[in-house]
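Commentary on secondary and tertiary structure
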Amino acid sequence: MSVILLFIDGVGLGEEADYNPWYTVPTPRLEGILGGSSLVRRAAGSPAPHVTLLAADACLGVEGIPQSATGQATIFTGRNAPAAMGTHQSGLPFRRLREWVERDNLYHHFSSRGLTAAFANSYTPEYFERPKTRRGWISVSTAAAKSGEGKLLTLEDLLTGRAVYHDLTRRTLAKMRPEVKEIQPEEAARHLLGLARQHDLTVHEYFLSDLAGHRRDHELIEWVIRTYDRFLGAVLDGKKEEDTVILVSDHGNSEDFRVRTHTQNTVPLLLLGRGAETVGRYQKEWDLTCVAPLLLQVAEACSRVKWKGE
Ligand SMILES: [Zn+2]
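Report on the accompanying structure. Just so it is clear, the structure is predicted and the values come from calculations on it, not from any experiment.

Procedures and definitions
Residues numbered from 1 in each chain as written. Predicted model: local features only at pLDDT ≥ 70, side-chain atom pairs only at ≥ 80, totals over all residues. Heavy atoms only, no water. Helix = DSSP H or I, 4+ residues; strand = E, 2+ residues; numbered from the N terminus. Rg over C-alpha atoms; globule rule 2.2 N^0.38 Å. Buried < 20%, exposed > 50% of the residue type's maximum accessible area, 1.4 Å probe, protein only. Contact = heavy atoms within 4.5 Å. Areas by Shrake-Rupley, 256 points an atom, 1.4 Å probe, with all protein chains shown as cover. Lys, Arg positive; Asp, Glu negative; His and termini not counted. Charge placed at Lys NZ, Arg CZ, Asp CG, Glu CD. Phe/Tyr/Trp six-rings, centres within 6.5 Å; stacked < 30°, edge-to-face > 60°. Lys NZ or Arg CZ within 6 Å of the ring centre and 35° of its normal. Disulfide = S-S within 2.5 Å.

**Some details on the overall build of the chain**
Secondary structure assignment for the chain yields 14 helices and 9 strands. Computed over C-alpha atoms, the radius of gyration of the chain comes to 18 Å, within 12% of the 19 Å expected from 2.2 N^0.38 for 310 residues, which places it in the range of a compact globule. Over its C-alpha atoms, taken along the principal directions, the chain stretches across nearly 55 × 45 × 45 Å. Here the chain holds 310 residues, and 56% of them are scored as buried. Partitioning the intrachain contacts of the chain with sequence separation of at least 6 by distance along the chain shows that 71% fall at a separation of at least 24. Here the chain has roughly 13,600 Å² of accessible surface; of this, 50% comes from carbon and sulfur atoms. Computing the positive centroid from 37 side-chain charges and the negative centroid from 39, the chain places the two 3 Å apart.

Structure below.
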């Protein structure tokens, strides 16, 4: 049994409109999952057994447009970060938010229950050599992963198939390091599933979707969507029946190419696998604080089933 959290930055549930690349770019795997629909607001529901698409609120009762630092902090802790900080905060977290994340997050939730959790993204040697600044050059997801019992995965882990690059295919890494070859999204999925076999929870973070939205870069978003669709499809093809995949975003952005900013749209909370079956029947309102408890709930339910079966 394994739970896989796919965090994808800057993807809201938008309209079926020509300004929404998640509607206009073909996504055969997502459409297969969602009963023929693209990843849009109208698709929310349970289109098939073991598939639930929830529309999660990312505004969290705090005025303004949701931002990455507090959105991700909420996903990784299960607590309302913009409310705690008094505002939505963007980019890399300032010290107060970073320490707030480090104190308690999903990696702690898992290890305190005897479950293991891994962050699948790999870091380059340059990352480890970066000078420490006031902000510490550290994202919320990195701060959370570092505070747990696991370690940050390295370039060596990546090149031996034991980690996944942030862009999945290593395209951006290959531009900086000619010795690195681009791989197919399906191969990245195999590497992720390899990690998932060894851990109760495996997390991957993807952020080019948010970047493409800010730049309104049509070429990049098309590549992002096609690549991610193939990756997600391959994860589902290769996962074990009892595994659950949970995909979530921190705020909208790339679903509305009319603007360069984030949006206030709800975000997808897509549950794939047995863990998706009962969830949603008990709760009507979903927001980013629901993700961390949900991961634990699914993992504990699955581990109990495994224990009974042994
Ligand atoms: Zn952004």
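So that's the structure; there's more coming.
**Thoughts on the packing of aromatic side chains**
According to the stated counting rule, one finds 5 aromatic pairs in the structure shown. On the basis of an interplanar angle of 55° and a centroid distance of 6.4 Å, the ring pair of phenylalanine 119 and tyrosine 123 is categorised as tilted. Both residues of the pair, phenylalanine 119 and tyrosine 123, belong to the buried class. Here tyrosine 206 and tyrosine 228 contribute two aromatic rings whose centre-to-centre distance is 5.1 Å and whose plane-to-plane angle is 65°, an arrangement assigned as edge-to-face. Highlighted residues: tyrosine 206 in strand β7 (residues 201–206) and tyrosine 228 in helix α13 (residues 218–238), separated in sequence by 22 residues. Members of the aromatic cluster, joined through ring pairs, are Phe119, Tyr123 and Tyr127. Stacked on the ring of tyrosine 19, the Lys or Arg arginine 258 has its end atom at 3.7 Å from the ring centre.

**Some words on unusual backbone geometry**
In most cases, non-glycine residues show a negative phi, while peptide bonds are predominantly trans. Residue histidine 50 is not a glycine yet carries a positive backbone phi of 70°. When you line up the elements, histidine 50 lands in the loop between β2 (45–48) and β3 (51–56). With a phi close to 70°, arginine 170 is a non-glycine residue in the positive phi region.

**A closer look at the state of the cysteines**
Here the structure, examined in full by the defined rule, presents 0 disulfides. Distance from the sulfur of cysteine 59, which forms no disulfide, to the nearest cysteine sulfur (cysteine 290) is 14 Å. Judged by its relative accessible area of 14%, cysteine 59 falls in the buried class.

**Quick look at the environment of proline 28**
Inspection of the secondary structure assignment puts proline 28 in helix α2 (residues 28–33). C-alpha separation for the pair proline 28 and cysteine 59, spaced 31 residues apart in sequence, amounts to 30 Å.

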